[in-house]
Amino acid sequence: MPHLSPGFLSLYTPKEAESLNISPPQISETFSPSTWQDLAIQAANPQNQPQLPQKEPSIPRTVTFYSFKGGVGRTTALTHVASILAMRGRKVVAVDLDLEAPGLSTAFNLKKNPKYGIVDYFYERSYLPEGIEPSILITDIFSEVRIPNATGRLFVVPAGYLSLDYVSKVDDLHATTVIDGDKNIWSIFKQEIQEQLKPDILLIDSRTGINQWGALSLIQAADEAIIFLFPNEQNKQGIELLLESLQSLKNLSINFVFSPVPDVTKSGLDKVKEIWNLLLESIKNRTDENYDNDEEDLNTNNEQPENDELLVIPYLQPIAFADSYPILEMQDYYSKIANLIDEKNDEIQRSSVLNIVEQRWQIIESLEFPEVNAADQKQDLSLLFQRTTDFEKFLDDTTCLIRGKKGTGKTALYWLFLKHQELAQKLAHRRLDNTVFLSGHGRFQESRPTRDEFQIIHQNLQKKNGTWEAFWRAYLLFRCYQEELLKFPRGNKGKRGKFTELKKIINNLPKDTWQSESTKALLELSTNSQLILTVKDAVNIILNQEAKEKSQKLWFLYDDLDEDFSEAGELRHKALTGLFQLVQSCDASRLTEIRFKIFLREDIWNRLSFDNKSHFTGRDIILQWNQIDFLRLALRQAIQSQNFKNLVDRVYPVAVESIDIANEEELDKALELLWGSRRRGGNRAKKVSRWVYERLTDSSGTTFPRSLSILLKGAKEQELTDQGKSSTKIRTERLLQGKSLESGLRKASEKRCEEIKEEYPYLINFFDSLKGKSAFLIKEELQEIWNNLPDQVLENFEEFVSFLGEIGIIEFREKEGRYKFVDIYVYGFEMDRQGAV
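Residues numbered from 1 in each chain as written. Predicted model: local features only at pLDDT ≥ 70, side-chain atom pairs only at ≥ 80, totals over all residues. Heavy atoms only, no water.

Caption draft 1: Layout of helix 36 (residues 779-787). All of the buried residues in helix 36 are Leu 782, Ile 785 and Trp 786. When helix 36 is viewed along its axis, its buried side chains cluster within an angular range of 100 degrees and face the same direction. Elements that come into contact with the buried residues of helix 36 comprise helix 35 (764-768), strand 16 (776-777), helix 37 (797-806), strand 17 (810-813) and strand 18 (818-821). (Buried < 20%, exposed > 50% of the residue type's maximum accessible area, 1.4 Å probe, protein only. Helix = DSSP H or I, 4+ residues; strand = E, 2+ residues; numbered from the N terminus. Arc of directions from axis to C-beta. Contact = heavy atoms within 4.5 Å.)

Caption draft 2: A look at the sheet that holds strand 1 (residues 61-67). Taking strand neighbours across the sheet as the criterion, the eight strands line up as 3-4-2-7-1-8-9-10 in an open arrangement whose pairing is mixed. What marks the edges here is a single partner per strand, and that holds for strand 3 (143-145) and strand 10 (312-314). In this sheet, adjacent strand axes meet at a mean angle of 25 degrees when their direction is disregarded. Here strand 2 (residues 91-96) pairs with strand 7 (residues 201-205) via five bridges, running parallel. Bridging across to strand 7, Val 92 finds its partner in Ile 201. Across the sheet, helix 13 (residues 335-354) is in contact with strand 1, strand 7, strand 8 (224-229), strand 9 (253-261) and strand 10; its angle to strand 1 comes to roughly 155 degrees. (Pairing = 2+ DSSP bridges. Axes fitted to C-alpha atoms, helices over the stretch in contact; angles between N-to-C directions.)

Caption draft 3: Just the side chain of Asp 823, in detail. Structurally, Asp 823 can be placed in helix 38 (residues 823-826). Given a relative accessible area of 9%, Asp 823 falls into the buried group. Side-chain polar atoms of Asp 823 contact the side chain of Arg 833, separated by 3.0 Å. (Polar contact = N/O pair within 3.5 Å; in protein donor to acceptor, adjacent residues only side chain to side chain.)

Caption draft 4: Region of the structure containing helix 20 (residues 468-482). End to end, helix 20 covers 21 Å across 15 residues, agreeing with the expected 21 Å (1.5 Å per residue, within 8%). Burial runs high along helix 20: 15 of the 15 residues are buried. Among the residues trailing helix 20, Glu 484 stands out with phi positive, at a value near 60 degrees. (Expected span 1.5 Å × (residues − 1).)

Caption draft 5: View of the packing of helix 28 (residues 627-638) against helix 32 (residues 688-695). Following both chains from N to C, one finds helix 28 and helix 32 inclined at 100 degrees, their axes separated by 11 Å at the closest point. As judged from the angle between their axes, helix 28 and helix 32 are roughly perpendicular. Here helix 28 contributes Gln 627, Phe 630 and Leu 631 to the contact with helix 32, which in turn contributes Ser 689, Arg 690, Val 692 and Tyr 693. Of the residues assigned to the contact of helix 28 with helix 32, the class counts are four nonpolar, two polar and one charged. (Parallel < 35°, antiparallel > 145°, perpendicular 65-115°, else oblique. Nonpolar A, V, L, I, M, F, W, Y, C, P; charged D, E, K, R; others polar.)

Caption draft 6: The nonpolar core, seen in detail. The biggest cluster of nonpolar side chains holds 76 residues, and the ones touching the most others in it are Phe 644, Leu 674, Trp 675, Phe 766 and Phe 821. Leaving out residues up to four positions away in the same chain, Trp 675 has contacts with Leu 631, Ala 634, Val 688, Ser 689, Val 692, Leu 712, Arg 734, Leu 736 and Leu 741. Formed by 58 residues, the second largest nonpolar core is a distinct cluster that contains Phe 471, Leu 477, Ile 506 and Trp 514. (Core = buried A, V, L, I, M, F, W, Y, C linked by side-chain atoms within 4.5 Å.)

Caption draft 7: Representation of unusual backbone geometry within the structure. Between Ser 259 and the following residue, Pro 260, the backbone shows a cis peptide bond with an omega angle of -20 degrees. Mapped onto the elements of the fold, Pro 260 is located in strand 9. Between Tyr 325 and Pro 326 the backbone carries a cis peptide bond, its omega angle lying at 0 degrees. The phi angle at Arg 430 is positive, at roughly 60 degrees, despite the residue not being glycine. Here Arg 430 shows up in the loop between helix 18 (421-427) and strand 12 (435-441). Residue classification places Arg 430 among the partly exposed residues on the basis of a relative accessible area of 38%. A positive phi angle is found at Ser 551, which is not glycine, with a value near 55 degrees. When its relative accessible area of 56% is taken as the criterion, Ser 551 is described as exposed.

Caption draft 8: Highlighting the pattern of salt bridges. Evaluation of the coordinates by the stated rule reveals 70 salt bridges. In this structure, the salt-bridge partner of Arg 752 is Glu 755, at a minimum N-O distance of 3.0 Å. With Arg 752 and Glu 755 both in helix 34 (residues 738-759) and three residues apart, the pair spans about one turn of that helix. Exposure class is identical for Arg 752 and Glu 755. Each is buried. Within the structure, one salt-bridge network assembled from shared partners comprises Glu 371, Asp 562, Glu 567, Arg 572, Arg 601, Asp 603, Arg 607, Arg 706, Arg 752, Glu 755 and Glu 759. (Salt bridge = Lys/Arg side-chain N within 4 Å of Asp/Glu carboxyl O.)

Caption draft 9: Examining the packing of helix 32 against helix 34 more closely. Two elements in contact, helix 32 and helix 34, have axes separated by 11 Å at closest approach and are oriented at 15 degrees. Taken as axis vectors, helix 32 and helix 34 run roughly parallel relative to one another. Seen along the crossing, helix 32 lies across helix 34 with a hand that is right-handed. Between helix 32 and helix 34, the contacting residues are Val 688, Trp 691 and Arg 695 on the first element and Leu 741, Glu 742 and Leu 745 on the second. In terms of residue class, the contact of helix 32 with helix 34 is built from four nonpolar, no polar and two charged. (Left-handed = near helix turned anticlockwise from the far one by under 90°.)

Caption draft 10: Structural detail: the packing of aromatic side chains. With the rule as written, the count across this model stands at 55 aromatic pairs. Ring geometry for Trp 472 and Phe 565: centres 5.9 Å apart, planes at 50 degrees, overall tilted. Placement of Trp 472 in helix 20 and of Phe 565 in the loop between helix 25 (561-564) and helix 26 (571-588) is noted, with a sequence separation of 93 residues between them. Each member of the pair Trp 472 and Phe 565 is classed as buried. Ring geometry for Phe 767 versus Phe 829: centroids 4.9 Å apart, planes at 15 degrees, classification stacked. Taken together, the residues Phe 767 in helix 35 and Phe 829 in the segment after helix 38 connect sequence positions 62 residues apart. Residue Phe 767 is classed as buried on the basis of its relative accessible area, which comes to 1%. Within the aromatic cluster, the residues linked to one another by ring pairs are Phe 454, Trp 468, Phe 471, Trp 472, Tyr 475, Phe 478, Tyr 481, Trp 514, Phe 556, Tyr 558, Phe 565 and Phe 596. Above the ring of Trp 555, the side-chain terminus of Lys 597 is found at 4.5 Å from the ring centroid. The residue whose ring lies beneath Lys 613 is Trp 605, and the NZ or CZ to ring-centre distance is 4.5 Å. (Phe/Tyr/Trp six-rings, centres within 6.5 Å; stacked < 30°, edge-to-face > 60°. Lys NZ or Arg CZ within 6 Å of the ring centre and 35° of its normal.)

Geometric values such as these leave the question of function open.
Below, the structure is given as structure tokens:
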């Protein structure tokens, strides 16, 4: 019969307790589940679920590698991921909690096993009498794995030495044992390993299936679960049950890895995606509920997974036949899993930096995001101008046509070479030191014909049978006179005398202002047959020959051609055709020292038709911004704030020190301080950098750097407006929240829509008719809008649709059979975004 000890129970009324200074016990309103049974009860009774406190992420972050069934490469993946993280400079502790089938120490091929394992550590503390210090210390249960050339470190905590004593201890242990007040065996271990090693990450190799040690690994220990499964029905059903049980654990981040996948062809991956989507559907409503949900989040239900977000480990024979890991040649297959873990750790570190409230708002207030304005002499263009991958092509002597839409940087290039020549030379690596840059036409030269004067010039050329080619040649000569580059030979006899009349006409013209005399003179030089030939000789002999003798190049840059030439009638077509005919003529005459750089809107070029237009094939470039150049521009704009620059210097200095050679990962890391890593939790959510880039890119692939500045300024304004509001929880690892970026996108879209209306005034009725319409239209709906326009736009509907695609407004989605209007226009035209993803 067991020995019983007598005890006493005293009962007091509230008044008596108060007189005796006795406080009532505190009843916790929260309940933290620790077993599968707890989870099952909560899942079956969701109406009774308590509100769990939001767990603040911290270092070290615990990541559990779990699988419902064995044989899916879970332990193998952990060894490789641990090694990759250590190579990246992380301090990693790998813990074997697969206590009933341990193998982590064998997988790592530890040269020297520790004296004890985690089973011994747990067992002693579970049964140790109160007041007795444990004999098994934390330092007795781990060993280090030496990884060549690693800048971090990797420690392994094995389960223990396999023996009959081990079997007895595992059978007797309980994962829920409370050994120190309200602390369980895991929290004691984590505290001591933190004090001893101060790791960045704990990786747990969990027991498979539904059991107490799996519950400890997933429910009590894990901040993040990486769940491994083979892509079949058996695994799917098991994981679905698991997810149903875990639905109350909203703090737990979950990602899936399919392994080992025998068929990684398209058809094989389609099957994997099908299972993946079903699993994601199960967890989509359980994460990030306490964070702001913006409009973008409300419209992503139909978003299809992308290959780079799907985590797949193929069947690898070297892995299958290896005795120990990691296998260095196989590391790349596991790097995406390591990226996920790294990404979250970076978030926590950023949060710790930005979590000082006063500092956070000081930095946000200091952000500026100035737009590049090369015409502004006060702006330090060296800090803001971003050299793109197209820059080298632009420098090529044979490149004479620079195409692009409004807002893509054509004018910035024009001004760079005319007003900021020292910077231009530096960006060109001094390749153009002996090049003279002149404005053939554009705002750089105040003395130039206006839009109305070009109309008069066109009428006179028609009356007098003059050509635009002759006009542009005379205009080029006059520009050299204005810049004092035109030096006529002295004397009036022989060949020298042939330029007497030309010299007399030009030398009498004002240099600093454009007057009626200037227009009359150029008309005379482009309609008088004798003077036309003289001008041509002057360009050939005086300009080209003299430049050749000086080893010089003359660059003539042309801008503002869309604004200065009316689209009405045939003026623009005739004038631009003449300009390109001048280029052809100079090439035919082998005037190698005279080079042209003509900046022209893409749609205008596409509609031009003239003889031998193919002469410009391969001699043109389309200004486009790839993602890495776009990120470089974003970082340049952000670090105009000295406060933000100091912040980046503390965390990711390499990105600021060398923006032009920083890789995409380095740029991403720096910009994550500004706008975070992902839009929402989980690896399915888009990276913010990619989201910004795609939202500012139209359907033709053109990205608008001007819109970036507007978006970021708008986001900053929204952030300051929301300051102090407690309605939503902000992500502390970033300065600009998702809602703020969405607000900035709206402003960027509104501005872009204003610009496109200016570019295509004859489409204004169509643009205005889009208000309230769906951004995702079937053909018949779009055709009805076209039919109802007061003025016909283009001759037939197919031509109209083709034109909308050409200017980047819509794209056709084959799968849905609908036309999608791109985001850069949807907000500004006030369209309905529902379903437009």
